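# Descriptive analysis of the structure
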Amino acid sequence: MTFLASDADGGSVPQQIADTIRFLQTHRAEISQLTSAAGVEEAYFDFGWDFPYQQSIGQSNDFPVELLKLCAECGLSICVSVYVTGSDYLNS
């Protein structure tokens, strides 16, 4: 199953995190029930983050404790998919 917890784009990391916290707070019981169901081998939130090509040499984002606690309570892992963006990269 796939659920959309945030419609913020990959450049809006703080918004993605805030939306996900609200989603987990609202649906905690249902998610916990799904993740503990027989046959469920993995469950995670996959954050899609942009990494601007040639605009920086690194990027740091942190997960607030509130998000980590909610994910742990629900039996969820966290994944981050990083996508290189920028016209220089896309046109090479």
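Rules used in this analysis
Residues numbered from 1 in each chain as written. Predicted model: local features only at pLDDT ≥ 70, side-chain atom pairs only at ≥ 80, totals over all residues. Heavy atoms only, no water. Helix = DSSP H or I, 4+ residues; strand = E, 2+ residues; numbered from the N terminus. Buried < 20%, exposed > 50% of the residue type's maximum accessible area, 1.4 Å probe, protein only. Contact = heavy atoms within 4.5 Å. Areas by Shrake-Rupley, 256 points an atom, 1.4 Å probe, with all protein chains shown as cover. pLDDT = per-residue confidence, 0-100. Arc of directions from axis to C-beta.

The helix and strand tally for the chain stands at three helices and two strands. Of the regular secondary structure in the chain, the N- to C-terminal order runs α-β-α-β-α. For the chain, the proportion of its 92 residues judged to be buried stands at 26%. Across the chain, the fraction of contacts at a sequence separation of at least 24, relative to all contacts at a separation of at least 6, is 68%. As presented, the chain carries roughly 6,400 Å² of accessible surface, and 51% of it is formed by carbon and sulfur atoms.

Time to look at the confidence of the model for the chain. Should pLDDT be low for a region, the predicted coordinates there are not to be read in detail. Here the chain averages 86 in pLDDT, while 87% of its residues score no lower than 70. No element of the chain has a lower mean pLDDT than helix H3 (residues 87–90), at 56, and none a higher one than helix H2 (residues 65–74), at 96.

Each full turn of the α-helix corresponds to 3.6 residues, which orients residues three or four apart in the same direction. Here H2 has its buried residues at Leu67, Leu70, Cys71 and Cys74. Seen end-on, H2 carries its buried residues on one side only, within an arc spanning 100°. Projecting away from the buried face of H2 at angles above 90 degrees are the exposed residues Val65, Lys69 and Ala72. Count one or two residues on from H2 and you reach Gly75, which has phi positive near 75°.

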